[in-house]
Amino acid sequence: MSIFTPPGDPLLRMVVPEVPMEEICSSEIQEIIDTMYAIARGERGDTEKRVMVGLAAPQIGVAKRIILVDIDVQADRKDLGSLNAYINPKIVWSSEEQVEEREGCYSVDKHVMGIVPRALRIKVTALDRQGTPISEEFSGFTARIFQHEIDHLEGIRFPDRVGEKGILQWVEEDQYPEYRKNWQNWPVHCPWDIWLAMKEGRSY
């Protein structure tokens, strides 16, 4: 049985509540963060396969505004960096300049990828796991991870950003290395109807 919330679960379409300041240092919240770290580290062992560079609490069935983000990894996902926890994160500024890049998600069928437009630069405010305020600017792939994970807290997944007229792709697991090289010209697309069925928990 998967540790991840199934793609059709209504939780993944919900706007989840903030963590109250007085609860951040509670054993409940600290245990959630520790569990998220353990799960993420377990998905970072083989960079030739899918690797986890971010995780949001709803993805493991927890309706809390908590995310993990690898703040050092590059877009090729080869050299992994350090995972940091962010509580109640908000994007308070984003650049008008956008860039398109491939994305996948543990809350979407593992075969589905997509070309997603995201802001190139953002400014994020949040709290760390001790409740200390954070205000930082990020660019490039790190900014993309933040946008992807904060979307989860709003009930949004990357195919929603791609849209019906965008590009969703279908990639077999043994094709990941080739896909990383040729994602911009990948020939096999995923029909929009399949994403809608997946999102609503219907067979596809």
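Just above sits the structure.
The following refers to the structure shown. (Residues numbered from 1 in each chain as written. Predicted model: local features only at pLDDT ≥ 70, side-chain atom pairs only at ≥ 80, totals over all residues. Heavy atoms only, no water.)

1. Focus on helix α2 (residues 140–153)
Inference 1: Look at α2: 21 Å from first C-alpha to last across 14 residues, which is about the 20 Å you get at 1.5 Å a residue.
Inference 2: Among the 14 residues in α2, 13 count as buried, and that is most of the element.
Inference 3: Just downstream of α2, G155 is the residue with a positive phi angle, here 75°. (Helix = DSSP H or I, 4+ residues; strand = E, 2+ residues; numbered from the N terminus. Expected span 1.5 Å × (residues − 1). Buried < 20%, exposed > 50% of the residue type's maximum accessible area, 1.4 Å probe, protein only.)

2. Some thoughts on the sheet that holds strand β6 (residues 121–127)
Inference 1: Strand order across the open sheet formed by five strands is β1-β2-β3-β6-β7, with antiparallel pairing between neighbours. Two strands close off the open sheet at either side, each with one partner strand: β1 (54–56) and β7 (133–139). Neighbour-to-neighbour, the strand axes of the sheet open up by a mean angle of 40°, direction not taken into account.
Inference 2: Pairing between strand β3 (residues 83–94) and β6: five bridges, direction antiparallel. Within the sheet, the bridge partner assigned to I91 lies in β6 and is V124. (Pairing = 2+ DSSP bridges. Axes fitted to C-alpha atoms, helices over the stretch in contact; angles between N-to-C directions.)

3. Comments concerning the environment of D34
Inference 1: Within the secondary structure, D34 is located in helix α1 (residues 27–42).
Inference 2: Relative accessible area serves as the criterion here: at 42%, D34 is assigned to the partly exposed category.
Inference 3: Residues D34 and P6, 28 residues apart in the sequence, show an inter-C-alpha distance of 21 Å.
Inference 4: Among the polar contacts listed, one links the side chain of D34 to the side chain of R129, at a separation of 2.9 Å. (Polar contact = N/O pair within 3.5 Å; in protein donor to acceptor, adjacent residues only side chain to side chain.)

4. So, the packing of aromatic side chains
Inference 1: Considering all chains together, one arrives at four aromatic pairs under this definition.
Inference 2: Consider the rings of F4 and Y106, whose centres lie 5.0 Å apart with planes at 45°: the pair is tilted. Residue F4 is located in the segment before α1, and its partner Y106 is located in the loop between β4 (98–103) and β5 (112–119); the two are separated by 102 residues in the primary sequence.
Inference 3: Here F4 falls in the buried class, since its relative accessible area comes to 11%.
Inference 4: Aromatic side chains Y179 and W186 sit 5.3 Å apart centroid to centroid with 90° between the ring planes, which places their arrangement in the edge-to-face category. (Phe/Tyr/Trp six-rings, centres within 6.5 Å; stacked < 30°, edge-to-face > 60°.)

5. A closer look at the pattern of salt bridges
Inference 1: Per the stated rule, a full pass over the model turns up 12 salt bridges.
Inference 2: We note a salt bridge from K110 to E173, for which the minimum N-O separation is 3.1 Å. Of this pair, K110 sits in the loop between β4 and β5 while E173 sits in the loop between β8 (167–170) and α4 (176–182), placing them 63 residues apart in sequence.
Inference 3: According to the relative accessible area criterion, K110 is partly exposed, its value standing at 36%. (Salt bridge = Lys/Arg side-chain N within 4 Å of Asp/Glu carboxyl O.)

6. Some remarks on the side chain of H152
Inference 1: Mapping H152 onto the fold places it in helix α2.
Inference 2: Taking the relative accessible area as the measure of exposure, H152 reaches 2% and is therefore buried.
Inference 3: Apart from the residues lying within four places of it in its own chain, the contact partners of H152 are M14, A56, P58, Q59, C105, S107 and R157. (Contact = heavy atoms within 4.5 Å.)

7. Quick word on the environment of I194
Inference 1: With respect to the secondary-structure elements, I194 resides in helix α5 (residues 192–199).
Inference 2: As for I194 and V112, which are separated by 82 residues in sequence, their C-alpha atoms are 9.6 Å apart.

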